[in-house]
Amino acid sequence: MNVFHPASEDRPSLAEARTAICVPRLGDARGAFQLFVEGDVLFDAMIAAIEQATEAISMESYIFAADEVGARFVAALAAKARAGLDVRVHLDAFGAGQRKFGKFRRELEQGGVQFRWFRPLDMRHPLRYFQRNHRKLLVVDGRTAFLGGFNIRRLNSRRLHGPARQRDTHLRVLGPLAALATRHFDRLWHDARPLPASAIPEEAEGIEGLLVPSYSRHCQKRLACLHAGLIDMAQSEVYLTSPYFGPGSVVDRALQVAARRGVDVRLLVPRKSDPLVAGWATRAAYGQLLSAGVRIYEYLPRPLHAKTSVVDAAWSIVGSANLDYRSLFVNQELVLVARDHVLAGQLQAQYVTDLAAAREITLADWHRRGWRARLFEAVGWAARRLL
């Protein structure tokens, strides 16, 4: 097993090796992905796919709120189960396990939906509760799949929540990638059973993208190495969006190295984070990033929950993983990595739009912050591996 250690990331030979092993050799895709940045449009498309299903539906989510959006999905899923389809719903016991969800669960199970919690609290194995299923995935008939950052809740709906809705990003993928998404779903449904070797091929030049989980047979830090590997190979620009950012991580150091060698590196994060301590941890990374030449922007108008990366206007990553410790090293996550100029162009255009609604934090601004901000950053740094 090839596992790279963050302490060695500045060494060019290891950076090259990480790129070679952790970044798949993808061929050029042809714009087969559909991008969603508005919850109402996404939810309508997901419900339509569910209603058109003829064989099987598999769905997992970190948050599945007991609200109007959740009720809409429960009704659609239960209706298909009553029609005889194989419908499975796998929700995180922490993120979705609120007391109000009991009514929804009964409605799902009475309709014939197979329902399962991911790792409810078990006092015999309390440490297992620390790992959560943070993925957001819907697979229909093994031919259509939706994945990204959107949870199932009214906070993402302009119709229901108004202009202050959460800003997020999701994708629809088709064909072989949807079939692979089914295999990823099955792995967690059967309590993290390892994927077969063929699920993450050595050579992927004939496919349009790759769905990458938190770890693989090559590397127990697969997502961290994937992000750092793409940053290592960047020649012109790296544009990252993340609700949370982990200071001191391999991705943090890769960004600094890329900026120092002249790459246009930009990081977009929210002005306000939930929980607050997660925002303090993010800001604990600002000093070294700014000193290295990374440009940092704080998104102002509404909550930011999107997790996207664009490298050299060609490579893209979209999925459920934040660029923090829990997503990169602990939780179950799933992202799409693709070498698709159409998708990269769409993401880059959205990035420009988001930057227009953000405030850039300069190094001079950062040096002027007060003692309370510095104290909060210290707290965030200390708590960064728990968030």
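The rules behind these values
- Residues numbered from 1 in each chain as written.
- Predicted model: local features only at pLDDT ≥ 70, side-chain atom pairs only at ≥ 80, totals over all residues.
- Heavy atoms only, no water.
- Salt bridge = Lys/Arg side-chain N within 4 Å of Asp/Glu carboxyl O.
- Helix = DSSP H or I, 4+ residues; strand = E, 2+ residues; numbered from the N terminus.
- Buried < 20%, exposed > 50% of the residue type's maximum accessible area, 1.4 Å probe, protein only.
- Pairing = 2+ DSSP bridges.
- Axes fitted to C-alpha atoms, helices over the stretch in contact; angles between N-to-C directions.
- Patch = residues over 30% accessible without salt bridge, like charges linked within 9 Å, V, L, I, M, F, W, Y side chains within 5 Å.
- Areas by Shrake-Rupley, 256 points an atom, 1.4 Å probe, with all protein chains shown as cover.
- Polar contact = N/O pair within 3.5 Å; in protein donor to acceptor, adjacent residues only side chain to side chain.
- Contact = heavy atoms within 4.5 Å.
- Parallel < 35°, antiparallel > 145°, perpendicular 65-115°, else oblique.
- Nonpolar A, V, L, I, M, F, W, Y, C, P; charged D, E, K, R; others polar.
- pLDDT = per-residue confidence, 0-100.
- Phe/Tyr/Trp six-rings, centres within 6.5 Å; stacked < 30°, edge-to-face > 60°.
- Lys NZ or Arg CZ within 6 Å of the ring centre and 35° of its normal.
- Right-handed = clockwise from strand over helix to strand, strands pointing away.

Here the structure, examined in full by the defined rule, presents 20 salt bridges. The shortest N-O distance in the salt bridge between arginine 88 and aspartate 186 comes to 2.7 Å. Note that arginine 88 is positioned in strand β3 (residues 86-92) and aspartate 186 in helix α6 (residues 176-189), a separation of 98 residues in sequence. Overall, arginine 88 belongs to the buried group, its relative accessible area being 11%. A relative accessible area of 23% means that aspartate 186 is categorised as partly exposed. A salt bridge links glutamate 360 to arginine 295; its shortest N-O distance comes to 2.9 Å. Pair noted here: glutamate 360 is in strand β15 (residues 358-361) and arginine 295 is in strand β11 (residues 295-299), with a separation of 65 residues, a long-range link. Put simply, Asp40, Asp44, Arg72 and Arg159 are held in one network by salt bridges that share partners.

Read from one edge of the open sheet, eight strands run β8-β14-β13-β12-β9-β10-β11-β15, paired in mixed fashion. Looking at which strands have only one partner, the edges of the open sheet turn out to be β8 (210-213) and β15. Each strand of the sheet is rotated relative to its neighbour by a mean of 20°, with strand direction disregarded.

Another aspect to go through is a nonpolar patch on the surface. Taken together, the side chains of Trp371, Leu375 and Val379 define a hydrophobic patch exposed on the protein surface, amounting to about 340 Å² of accessible area. Assignment of secondary structure puts tryptophan 371 in helix α14 (residues 371-383).

Looking now at the side chain of asparagine 322. Topologically, asparagine 322 is positioned in the loop between β13 (315-319) and α11 (325-330). Residue classification places asparagine 322 among the buried positions, given a relative accessible area of 4%. A polar contact is formed between the side chain of asparagine 322 and the side chain of lysine 307, at a distance of 2.6 Å. Contact partners of asparagine 322, with chain neighbours within four places excluded, come to His134, Ser242, Pro243, Tyr244, Lys307, Ser327 and Leu328.

A word on the packing of helix α7 (residues 222-233) against helix α8 (residues 250-260). The geometry of α7 relative to α8 is characterised by a closest axis approach of 9 Å and an angle of 0° between their N-to-C directions. By the criterion of interaxial angle, the relationship of α7 to α8 is roughly parallel. Contacts between α7 and α8 involve Ala224, His227, Ala228, Ile231 and Asp232 on the former and, on the latter, Val250, Val251, Ala254, Leu255 and Ala258. Across the contact of α7 with α8, the residue classes tally to eight nonpolar, one polar and one charged.

For the rest of this paragraph, the subject is the confidence of the model for the protein. For the protein, per-residue confidence averages 88 on the pLDDT scale, and residues scoring 70 or more make up 89% of the total. Overall, residues 1-11 carries pLDDT values under 50, and its contacts beyond four positions in sequence, including any with other chains, amount to 31 contacts.

Put simply, helix α9 (residues 276-283) and α14 touch, their axes get as near as 7 Å, and they point 95° apart. One element, α9, and the other, α14, form an angle in the roughly perpendicular class. For the pair formed by α9 and α14, the contact residues are Val277, Trp280, Ala281 and Arg283 on the first element and Phe376, Glu377, Val379, Gly380, Trp381 and Ala383 on the second. Its residues assigned to classes, the contact of α9 with α14 comprises seven nonpolar, one polar and two charged.

Our next topic: the sheet that holds strand β7 (residues 170-174). If you trace the seven strands from one edge of the open sheet to the other, you get β1-β7-β6-β5-β2-β3-β4, paired in mixed fashion. In this open sheet, the two strands that pair with only one neighbour each are β1 (34-36) and β4 (114-118). The sheet shows a mean angle of 15° between the axes of neighbouring strands, taken without regard to direction. Summarising the sheet, β3 and β4 pair through five bridges and their orientation is parallel. Note on β4: the bridge partner recorded for aspartate 92 is phenylalanine 118.

Taken as a whole and judged by the stated rule, the model has 14 aromatic pairs. Ring geometry for phenylalanine 43 and phenylalanine 150: centres 6.3 Å apart, planes at 80°, overall edge-to-face. Of this pair, phenylalanine 43 sits in helix α2 (residues 39-52) while phenylalanine 150 sits in the loop between β6 (144-148) and α5 (158-161), placing them 107 residues apart in sequence. Judged by relative accessible area, which is 2%, phenylalanine 43 ranks as buried. The rings of Phe64, Phe101, Phe104, Phe115 and Trp117 are connected pair by pair, giving a single aromatic cluster. Over the ring of tryptophan 189 we find arginine 88; its NZ or CZ atom is 5.4 Å from the centre of that ring. Taking NZ or CZ as reference, arginine 326 lies 4.3 Å from the ring centre of phenylalanine 130, over its face.

To continue, consider the pairing of β3. Where burial is concerned, most of β3 is hidden: six out of the seven residues are buried. As paired strands, strand β2 (residues 56-61) and β3 are joined by six bridges and run parallel to one another. In the strand pairing of β3, serine 58 is matched with arginine 88. Viewed along the sheet, the connection from β2 through helix α3 (residues 68-82) into β3 turns out right-handed. In this region the chain leaves β3, passes through helix α4 (residues 102-110) and returns to the parallel neighbour β4; the handedness of that crossover is right-handed.

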